[in-house]
Amino acid sequence: AAGLCPCWVLLASRRAALRALCGSVRGLAAGPEMHFGFQTVTEAERREKIYQVFENVAKKYDVMNDSMTLGLHRVWKDILVRKMNPCPGTLLLDVAGGTGDIAFRFIDYVRSVRQRQLQRKLKHHQNLSWQEISETYQENKFKSLGDSQVVVCDINKEMLKVGKQKAQHHGYSEGLSWVLGNAEELPFDDDKFDVYTIAFGIRNVTRTDLALQEAYRVLKPGGRFLCLEFSHVSNPLISRLYDLYSFQVIPVLGEVIAGDWKSYQYLVESIRRFPPQEELKAMIEDAGFFKVDYQNLNSGIVAIHSGFKL
């Protein structure tokens, strides 16, 4: 028996090496380690966990946004669309925009521009009869967006479902389409869109670098990238108050309103793990964009990053 011991030792060591190799292969298949809030997970686990978060919160997403930000998210989104300043004929891709907030604002903005254009046109033709004015309005009624279109792309079916229900309820149908798709691998041709927006979505993308490269790919030369996202607060006093509110109040609101403490705990943590303004700016430049800058809102609680494909 003593003579067999070296063989068993050799066999055991080979088995251990094989187990280690299999573990390494499984680790490579799952992807590198990354963060999910303050947890460390694999790339595959992060993707699945984030999908589950938004599937859980979809039905209460708008209510929670109002509660968490005290309604400020509406102002921030208005500022984003005004910064975009879309004209009739603009083709917009709104990524991670499942509930339609940016898309609806885009449609309202373009309709308003078209209406002002029509009024100016009629004002310069004071000699038109009432019938001619009425006919002109009727002609433009059915093309109020002037060939503008917005495509909402989201990876989460539940978020898209909520967005479609809102669109139907509020009467948005013209120039609006919904696509199930991943920001890291967009189902669109190269050089297709005039503007790409992503609002409060990029920090939940598994590979931010891939999402930025895809944004660059699908934009036309001269197209614009716009990102609205929670960022890093510059004022120390506001930062301390913001942390207190975020960690002590927001998860409680999530539990009370949506029955989901963990999802909103993650959302708070994900903001702290997201790159600060200058780092995100550098990432956008690395993806190929030019004239990249950002605008802090409310002392940097959120920031709008902008860049152009030239």
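Rules of the game
- Residues numbered from 1 in each chain as written.
- Predicted model: local features only at pLDDT ≥ 70, side-chain atom pairs only at ≥ 80, totals over all residues.
- Heavy atoms only, no water.
- Patch = residues over 30% accessible without salt bridge, like charges linked within 9 Å, V, L, I, M, F, W, Y side chains within 5 Å.
- Areas by Shrake-Rupley, 256 points an atom, 1.4 Å probe, with all protein chains shown as cover.
- Salt bridge = Lys/Arg side-chain N within 4 Å of Asp/Glu carboxyl O.
- Helix = DSSP H or I, 4+ residues; strand = E, 2+ residues; numbered from the N terminus.
- Axes fitted to C-alpha atoms, helices over the stretch in contact; angles between N-to-C directions.
- Parallel < 35°, antiparallel > 145°, perpendicular 65-115°, else oblique.
- Contact = heavy atoms within 4.5 Å.
- Left-handed = near helix turned anticlockwise from the far one by under 90°.
- Buried < 20%, exposed > 50% of the residue type's maximum accessible area, 1.4 Å probe, protein only.
- Pairing = 2+ DSSP bridges.

A. Structural view of a nonpolar patch on the surface. A cluster of nonpolar side chains, V252, V256 and W261, forms an exposed patch at the surface whose accessible area comes to about 290 Å². Its place among the elements puts V256 in helix 10 (residues 250-258).

B. Main features of the packing of helix 9 (residues 236-248) against helix 11 (residues 261-273). Interhelical geometry of helix 9 versus helix 11 gives an angle of 150° and a closest axis separation of 9 Å. In terms of orientation, helix 9 lies roughly antiparallel with respect to helix 11. Of the residues in helix 11, those in contact with Y242, D243, S246 and F247 of helix 9 are Q265, V268, E269, I271 and R272.

C. Structural context of the packing of helix 10 against helix 11. Across the interface, helix 10 lies against helix 11 with an axial gap of 7 Å and an inter-helix angle of 145°. When you trace helix 10 past helix 11, the crossing you get is right-handed. Seen from helix 10, the contacting residues are I250, P251, V252, G254, E255 and A258; seen from helix 11, they are W261, Y264, Q265 and V268.

D. Looking closely at the environment of R46. Its place among the elements puts R46 in helix 2 (residues 43-57). Each C-alpha atom, one on R46 and one on V205, is 9.3 Å from the other, the two residues being 159 residues apart in sequence.

E. Representation of the pairing of strand 9 (residues 302-308) in the model. With six of seven residues buried, strand 9 lies mostly within the body of the structure. In this structure, strand 7 (residues 219-230) lies alongside strand 9, joined through seven bridges in antiparallel fashion. Looking at strand 9, one finds that E229 is bridged to A303. Sheet topology note: the strand 8 (residues 290-297)/strand 9 ladder contains six bridges and is antiparallel. Looking at strand 9, one finds that N296 is bridged to A303. Linking strand 8 back to strand 9 in an antiparallel pair, the connection comprises four residues, with N298 at a positive phi of about 50°.

F. Fine view of the sheet that holds strand 5 (residues 176-180). Strand order in this open sheet of seven strands is 5-4-3-6-7-9-8, and the pairing throughout is mixed. Edge positions in the sheet fall to strand 5 and strand 8, since each of these pairs with one other strand and no more. With strand direction ignored, the average angle separating the axes of adjacent strands in the sheet is 15°. The strands that helix 12 (residues 277-286) touches are strand 7, strand 8 and strand 9; relative to strand 8, the one it contacts most, it runs at about 155°.

G. Structural context of the pattern of salt bridges. All told, the structure shown has 13 salt bridges when counted by the stated rule. Here R105 and D78 are joined by a salt bridge, their closest N and O atoms 2.8 Å apart. Remark: D78 occurs in helix 4 (residues 72-84) and R105 occurs in helix 5 (residues 101-123); sequence separation between them is 27 residues. Residue classification places R105 among the buried residues on the basis of a relative accessible area of 18%. What makes D78 partly exposed here is its relative accessible area of 32%. Each member of the salt-bridge network shares a partner with another, and the members are D62, K77, D101 and K166.

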